[in-house]
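# Coordinates in review
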Amino acid sequence: MTDVRTGEQRQGQRKRVFIRTYGCQMNVYDSDRMADVLRPLGYALANTPEQADLVVLNTCHIREHASEKVYSELGRLRDTKLERRARGRDLTIAVAGCVAQAEGQEIVRRQPAVDIVVGPQAYHRLPELLAEVERKSAFRRAGKCLPGAGVLDTDFPAESKFDHLPAPEGVRAGSAFLSIQEGCDKFCTFCVVPYTRGAEYSRGPAAVLAEARHLAAAGAIEITLLGQNVNAYHGEAPTTSIGGSTWSLARLIRALAEIEGVARIRYTTSHPRDMDDELIAVHGEVPQLMPYLHLPVQSGSDRILEAMNRRHGRDLFLRLVDRLRAVRPDLALSSDFIVGFPGESDADFDDTMRLIDEVGFASAFSFKYSRRPGTPGWAMPDQVPESVKAARLAALQALLGSQARDFNASKVGATVPVLFAERGRKPGQIVGKTPWLQSVYAEGKPRLIGGIVAVRLTEGHANSLAGEIAVRPCEAAA
Ligand code: 5AD
Ligand code: SF4
């Protein structure tokens, strides 16, 4: 139903914000933090843009189609805004995330209905930016005009935004993300992240552990540590607080495992070059660290890995897999692959297919190379034709798909702990995750959502498994 109350009628009522998140888990985390920043300003969450006074698009710039989707959404929002204004109300439109960082003022030029452009490092400044928009609207309502549409903040500040963001509120169904690292210094030649998220930065362990305790107290039994290059983590602990030193990711994981209530720890996304001995060892030592690792390799060809500036060859990756499996034999591996990087020949692509055969992945993400302005890959010769990229992607996905099916099938008959996250599509069904991050559907009461329950796996499919709750939840929790 459409809300037809006028601006005056709505005064004194709660404002509502709709946040649409594109892209990675870092963006999901950031969207939650934006909601935390906006809550003290009186903004409750809306379920649709139509219900909202403020719409934030938290954008992704990693591949071309990701940014184009943002511009089509902005076109629709402009229409909503114009209809609203005709009815005496307004809609504030904000673009956040990596497209905001990369394109800045260009966004307002392409879509003048946008009020705010805010980069990933400046979310704590949203209240100031909204106040500025309100000032401009007041001038507009009074028939005056302030120069320069849109309010822009895409600076990389010297201080971390983490020092200014409020403590996180939301733990969803027992699961929480915790951002510990941002940015990247690796400069892979296809990737925009070093430009959109800036230089590598790690939060101090004291702040991370405090947030983890807060999340555990709020009901999180699974914590996923996030960072664009999370295993490059090196958090500085001041001498006055907890010993004084640089903490590695391995040390942080050991400390997290000590927090009461934290039953599952995960981390993503890692770079093969930063998988050091200590981190590999932790996979064999900390039972709460789940037996699943997302470790992007991108290609199995040494020539292409070199052109991508990945700083590792196929052998380093294969050796890492062997060492990880030696300490944690049931480790499931996932990865990212790019096909059709400039110069990729049939032989290079075959090397990638052989690497996949050799490793055996439980799941994977795969993409056609997308030429990103400003990256070295943009200007490289021998760009691969779209038709070749498409054929290679289809072959690669067929192989990865059959490996995922085999992996799921290999678990049928086992009874495993499942953390239930939400209701399923069919009535009476609930959906959760195994330790290997597989989705499991089972008949169960919604009150099981947010807890870990033993489930006997009965059927394996391409992207999920079916199961039956094996014991009553009180026994499972014992
Ligand atoms: N083209 C295609 N895929 C890309 N990725 C990053 N940049 C590009 C690009 N320009 C993929 C990589 C990365 C994942 C997050 O997105 O595989 O690991
Ligand atoms: Fe991008 Fe990851 Fe390479 Fe960093 S390591 S440049 S985030 S692909």
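Refer to the structure presented above.
Residues numbered from 1 in each chain as written. Chains lettered and ligands numbered in written order. Predicted model: local features only at pLDDT ≥ 70, side-chain atom pairs only at ≥ 80, totals over all residues. Heavy atoms only, no water.

For the coordinates displayed, the defined rule picks out 31 salt bridges. Put simply, Arg-197 and Asp-30 hold a salt bridge, and the shortest N to O gap is 2.9 Å. Residue Arg-197 is located in the loop between helix 7 (193-196) and strand 9 (201-202), and its partner Asp-30 is located in helix 2 (residues 25-38); the two are separated by 167 residues in the primary sequence. Under the relative-accessibility criterion, Arg-197 is labelled buried at 2%. Asp-30 gets classed as buried once you look at its relative accessible area, which sits at 1%. Between Arg-89 and Asp-53 there is a salt bridge, with its nearest N and O atoms 3.7 Å apart. Within this pair, whereas Arg-89 is found in the loop between helix 3 (64-86) and strand 4 (92-96), its partner Asp-53 is found in the loop between strand 2 (43-45) and strand 3 (54-59), the two being separated by 36 residues in sequence. As far as the burial class goes, Arg-89 and Asp-53 line up, both buried. It is possible to trace a salt-bridge network through shared partners that takes in Arg-20, Glu-73 and Arg-76. (Salt bridge = Lys/Arg side-chain N within 4 Å of Asp/Glu carboxyl O. Helix = DSSP H or I, 4+ residues; strand = E, 2+ residues; numbered from the N terminus. Buried < 20%, exposed > 50% of the residue type's maximum accessible area, 1.4 Å probe, protein only.)

Turning our eyes to something else, we now look at the site of ligand 2. All residues adjacent to ligand 2 are Cys-184, Lys-186, Phe-187, Cys-188, Phe-190, Cys-191, Val-193, Pro-194, His-271 and Arg-310. Considered class by class, the residues forming the shell around ligand 2 number seven nonpolar, one polar and two charged. (Near = heavy atom within 4 Å. Nonpolar A, V, L, I, M, F, W, Y, C, P; charged D, E, K, R; others polar.)

What follows is about the packing of aromatic side chains. Enumeration according to the criterion identifies five aromatic pairs in this entry. Summarising the aromatic geometry, the rings of Phe-190 and Phe-341 are spaced 6.4 Å apart at their centres and angled 80 degrees between planes, so their arrangement reads as edge-to-face. Here the residue Phe-190 occupies a position in the loop between strand 8 (181-182) and helix 7, and Phe-341 occupies one in the loop between strand 15 (332-339) and helix 14 (346-359), the gap between them amounting to 151 residues. What links up through ring pairs into an aromatic cluster is the set Phe-190, Phe-341 and Tyr-369. Of note, Arg-371 hangs over the ring of Trp-378, and the distance from its end group to the ring centre comes to 4.2 Å. Note that Lys-411 overlies the ring of Trp-436, its terminal NZ or CZ placed 3.7 Å from the centroid. (Phe/Tyr/Trp six-rings, centres within 6.5 Å; stacked < 30°, edge-to-face > 60°. Lys NZ or Arg CZ within 6 Å of the ring centre and 35° of its normal.)

Another aspect to go through is the sheet that holds strand 20 (residues 452-460). Strand order in the closed barrel formed by five strands is 17-18-19-21-20, with mixed pairing between adjacent strands. Going across the sheet, the axis of each strand differs from the next one's by a mean of 55 degrees, ignoring polarity. Inspection of the sheet shows strand 19 (residues 439-443) paired to strand 21 (residues 464-469) by four bridges, in the parallel sense. Along strand 21, the bridge assignment pairs Ala-442 with Gly-467. (Pairing = 2+ DSSP bridges. Axes fitted to C-alpha atoms, helices over the stretch in contact; angles between N-to-C directions.)

Time to look at helix 10 (residues 249-257). Counting buried positions along helix 10 gives seven out of nine residues, so the element sits mostly inside the fold. Listed as buried for helix 10 are Leu-249, Ala-250, Leu-252, Ile-253, Ala-255, Leu-256 and Ala-257. Contact partners of the buried residues in helix 10: helix 8 (205-217), strand 10 (222-226), strand 12 (245-248), strand 13 (264-268) and helix 11 (277-285). (Contact = heavy atoms within 4.5 Å.)

Our next topic: the site of ligand 1. Residues in close proximity to ligand 1 include Ile-62, Arg-63, Phe-190, Gln-298, Asp-336, Ile-338, Phe-367, Lys-368, Tyr-369, Ser-370 and Arg-372, which together make up its full environment. Arg-63 has a polar side-chain atom sitting 2.9 Å from an oxygen atom of ligand 1. A distance of 2.9 Å separates a nitrogen atom of ligand 1 from a polar atom in the backbone of Phe-190. In isolation ligand 1 exposes 410 Å². Once the protein is present, 88% of that is buried. When residues of the shell around ligand 1 are traced back to their parent elements, those giving at least two are strand 15 and strand 16 (363-368). Per-class residue counts for the shell around ligand 1 are five nonpolar, two polar and four charged. (Polar contact = N/O pair within 3.5 Å; in protein donor to acceptor, adjacent residues only side chain to side chain. Areas by Shrake-Rupley, 256 points an atom, 1.4 Å probe, with all protein chains shown as cover.)

Spatial ordering of the open sheet is given by 2-1-3-4-5-6, a layout of six strands whose pairing is parallel. Each of the sheet's edge strands pairs with one partner strand only, and the pair in question is strand 2 and strand 6 (151-153). For this sheet, the mean angle separating the axes of adjacent strands, direction not counted, is 20 degrees. Across three bridges, strand 5 (residues 116-118) lies against strand 6 in parallel orientation. Among the inter-strand pairings, Val-117 is bridged to a residue of strand 6, identified as Leu-152.

What follows is about the environment of Pro-291. The residue Pro-291 is located in the loop between helix 11 and strand 14 (292-294) in this model. Distance from Pro-291 to Trp-378, taken between C-alpha atoms, is 37 Å for residues 87 residues apart in sequence. Residues contacting Pro-291, with those up to four places away along its chain left out, are Arg-328, Asp-330, Leu-331, Ala-332, Pro-435 and Trp-436.

Turning to the environment of Asp-153, a few remarks are in order. Inspection of the secondary structure assignment puts Asp-153 in strand 6. Considered as a pair, Asp-153 and Glu-211 are 58 residues apart in the sequence and their alpha carbons are 26 Å apart. Sequence-distant contacts of Asp-153, that is, excluding residues within four places in its chain, are made with Val-117, Val-118, Gly-119, Ala-122, Arg-125 and Leu-129.

Moving on: helix 6 (residues 126-141). Since there are 3.6 residues in each turn of an α-helix, residues three or four apart along the chain are aligned in direction. For helix 6, built from 16 residues, the straight-helix expectation of 22 Å at 1.5 Å per residue is met to within 8% by its first-to-last C-alpha distance of 22 Å. If you check which residues of helix 6 are buried, you get Leu-126, Leu-129, Leu-130, Val-133, Lys-136 and Ser-137. The buried residues of helix 6 occupy an angular sector of 120 degrees when projected down its axis, which confines them to one face. Buried-residue contacts for helix 6 involve helix 2, strand 2, strand 3, strand 4, strand 5 and strand 6. In the segment just after helix 6, Gly-143 is the residue with positive phi, at about 80 degrees. (Expected span 1.5 Å × (residues − 1). Arc of directions from axis to C-beta.)

Turning our eyes to something else, we now look at the nonpolar core. Core analysis: the largest hydrophobic core is formed by 54 residues, its most contacted members being Ile-180, Leu-225, Ile-253, Tyr-267, Met-275, Phe-361 and Leu-396. Take this core: its biggest share by element is seven residues, from helix 10. Excluding residues within four positions of it along the chain, Phe-361 makes contact with Phe-317, Leu-333, Ser-334, Ser-335, Phe-337, Leu-355, Ile-356, Leu-400, Gln-403 and Ala-404. Core analysis: the next-biggest nonpolar cluster, separate from the first, contains 22 residues, Tyr-22, Val-70, Leu-74 and Ile-93 among them. (Core = buried A, V, L, I, M, F, W, Y, C linked by side-chain atoms within 4.5 Å.)

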